[in-house]
Amino acid sequence: MEKLLGIIIPVYNESENIERTLTEIEAAVSTPHRIYIVYDFEEDDTLPVARELKKRGIDIQFLKNDRGGVCNAIKSGLFHAKEDYLLVTMADMSDDFRAVDRMYQLMQKGWDLVCGSRYMKGGRQIGGPWLKKTLSRLAGVSLRYVTGLPTHDATNSFKLYRKRLFDSINIESDTGFVIGMEIVIKAYFSGFSVTEIPCTWTDREKGKSRFKTFQWGPYYLRWYLYAIGQALLNKRGGCIV
């Protein structure tokens, strides 16, 4: 059966989580799919666990991220995966895999980008640092009402993209998880269709988060201000590169 869905998972020493993550994906996602494990270095302790699961029949491809860092790992996945629809998710069980089939169905109806949203009606966020949650919610909700961006949760990395987006959008981010915010903003102001569905985000139980609120904050602010500027210029539907 042809697989239209590629699931991209950037990893960094996620041996404690990856088996559960991959088995949960297989249990929750009925859409035929392929999983891409994107790693920075051969000694990553995620790899032996994932390779064993591949032997058991899970369709897994491994991509080496030669440039290093989570942002470049996500970009490597988005540009090297072959499927028409590309989902970015994490290896720490934070994302809601029950939402994936519905995201895929919306994509087949013609949407170009489907956002998993913690902050719309029906969405939830369980755990996590208070400051990070507060800033993320404020950014997402305010962008929706100030700029018209059709998601309450621009900063969430859990998004499904139509691959053709990346023929039109120049991705500038090279730090952290900011790439998800940049893409959704540029996609919307380039005229692509964007929607959202509610999902639950749960803070990791094992391993250490590598999210850096203060270090990455200025990069999120850059794209926040960019979106406001585009809205003020009334560039919805223009070609933003």
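Provided above is the structure to which this section pertains.
Given the structure is predicted, the values throughout are model-derived calculations rather than measurements.

(A) Just the overall build of the protein chain, in detail. For the protein chain, the helix and strand inventory stands at seven helices and nine strands. On C-alpha atoms alone, the protein chain measures out to a radius of gyration of 17 Å, which is about the 18 Å that the 2.2 N^0.38 rule sets for 241 residues. Residues counted as buried form 55% of the 241 residues belonging to the protein chain. For the protein chain, contacts bridging at least 24 residues in sequence account for 78% of all contacts bridging at least 6. Here the protein chain displays about 11100 Å² of accessible surface, and carbon together with sulfur accounts for 51% of that area. The average position of the 34 basic charges and that of the 29 acidic charges among the side chains of the protein chain differ by 5 Å.

(B) Local environment of the sheet that holds strand E8 (residues 194–198). Read across the open sheet, the seven strands follow the order E3-E2-E1-E4-E7-E5-E8; overall the sheet is mixed. Of all the strands in the sheet, the pair left with one neighbour each is strand E3 (60–64) and E8. Strand-to-strand, the axes of this sheet are offset by a mean angle of 20 degrees, without reference to chain direction. Pairing analysis gives four bridges linking strand E1 (residues 5–10) to strand E4 (residues 85–88), with the strands arranged parallel. Of the residues in E4, the one forming a bridge with leucine 5 is tyrosine 85.

(C) Up close: unusual backbone geometry. If you check the backbone angles, asparagine 13 has positive phi at about 50 degrees while not being a glycine. For asparagine 13, the location among the structural elements is in the loop between E1 and helix H1 (18–28). A positive phi angle, close to 65 degrees, is found at methionine 93, a residue other than glycine. In this structure, methionine 93 sits in the loop between E4 and helix H4 (100–108). Since its relative accessible area comes to 15%, methionine 93 is described here as buried.

(D) Region of interest: helix H5 (residues 130–147). Look at H5: 25 Å from first C-alpha to last across 18 residues, which is about the 26 Å you get at 1.5 Å a residue. Taken residue by residue, H5 has Lys132, Ser136, Ala139, Gly140, Leu143 and Thr147 as its buried positions. Within H5, the buried residues cover an arc of 90 degrees as seen down the axis, which keeps them to one side. Seen from the buried face of H5, the exposed residues on the opposite side, beyond 90 degrees, are Trp130, Leu138, Tyr145 and Val146. Backbone geometry just downstream of H5 places glycine 148 in the positive-phi region, at approximately 85 degrees.

(E) Expanded view of the pairing of strand E5 (residues 113–117). Burial runs high along E5: five of the five residues are buried. Covered by surrounding structure in E5 are Leu113, Cys115 and Ser117 together with Val114 and Gly116, the residues of both alternating faces. In terms of strand pairing, E5 meets strand E7 (residues 159–162) through three bridges, oriented antiparallel. Bridging from a neighbouring strand, cysteine 115 pairs with lysine 159 of E7. Pairing geometry for E5 and E8, over five bridges, is parallel. In the strand pairing of E8, cysteine 115 is matched with glutamate 196.

(F) Summary view of the environment of glycine 68. Looking at the element boundaries, glycine 68 is found in the loop between E3 and helix H3 (70–80). Taking the relative accessible area as the measure of exposure, glycine 68 reaches 23% and is therefore partly exposed.

(G) Representation of the packing of aromatic side chains. Throughout the structure, instances matching the rule amount to six aromatic pairs. An angle of 70 degrees between the planes, with centres 5.0 Å apart, marks the rings of tyrosine 188 and phenylalanine 189 as edge-to-face. Residue classification places tyrosine 188 among the buried positions, given a relative accessible area of 11%. Phenylalanine 189 gets classed as buried once you look at its relative accessible area, which sits at 1%. Centroid distance tryptophan 223 to tyrosine 226: 5.0 Å. Interplanar angle 70 degrees. Geometry classified as edge-to-face. Linking tryptophan 223 with tyrosine 226, this pair stays in helix H7 (residues 213–232), spanning three residues, or about one helical turn. Among the residues examined, tryptophan 223 registers a relative accessible area of 1% and is labelled buried.

(H) The arrangement of empty space enclosed by the protein in detail. Counting across every chain of the model gives one cavity of 30 Å³ or more. Taken together, Ile74, Leu78, Val88, Ser157, Tyr161, Phe177, Ile179, Gly180 and Ile183 make up the full set of residues lining the largest cavity. For the lining of the largest cavity, the secondary-structure elements that each account for two or more residues are H3 and helix H6 (178–189). By residue number, the principal contributor to the lining of the largest cavity is H6, which donates three residues. For the lining of the largest cavity, the per-class residue count stands at seven nonpolar, two polar and no charged.

What counts and how
Residues numbered from 1 in each chain as written. Predicted model: local features only at pLDDT ≥ 70, side-chain atom pairs only at ≥ 80, totals over all residues. Heavy atoms only, no water. Helix = DSSP H or I, 4+ residues; strand = E, 2+ residues; numbered from the N terminus. Rg over C-alpha atoms; globule rule 2.2 N^0.38 Å. Buried < 20%, exposed > 50% of the residue type's maximum accessible area, 1.4 Å probe, protein only. Contact = heavy atoms within 4.5 Å. Areas by Shrake-Rupley, 256 points an atom, 1.4 Å probe, with all protein chains shown as cover. Lys, Arg positive; Asp, Glu negative; His and termini not counted. Charge placed at Lys NZ, Arg CZ, Asp CG, Glu CD. Pairing = 2+ DSSP bridges. Axes fitted to C-alpha atoms, helices over the stretch in contact; angles between N-to-C directions. Expected span 1.5 Å × (residues − 1). Arc of directions from axis to C-beta. Phe/Tyr/Trp six-rings, centres within 6.5 Å; stacked < 30°, edge-to-face > 60°. 1 Å grid on protein atoms, 1.4 Å probe; cavity = no way out; pocket = protein on both sides within 12 Å on 5 of 7 lines; lining within 4 Å. Points joined across faces, edges and corners; volume = space filled by probe spheres on them. Nonpolar A, V, L, I, M, F, W, Y, C, P; charged D, E, K, R; others polar.

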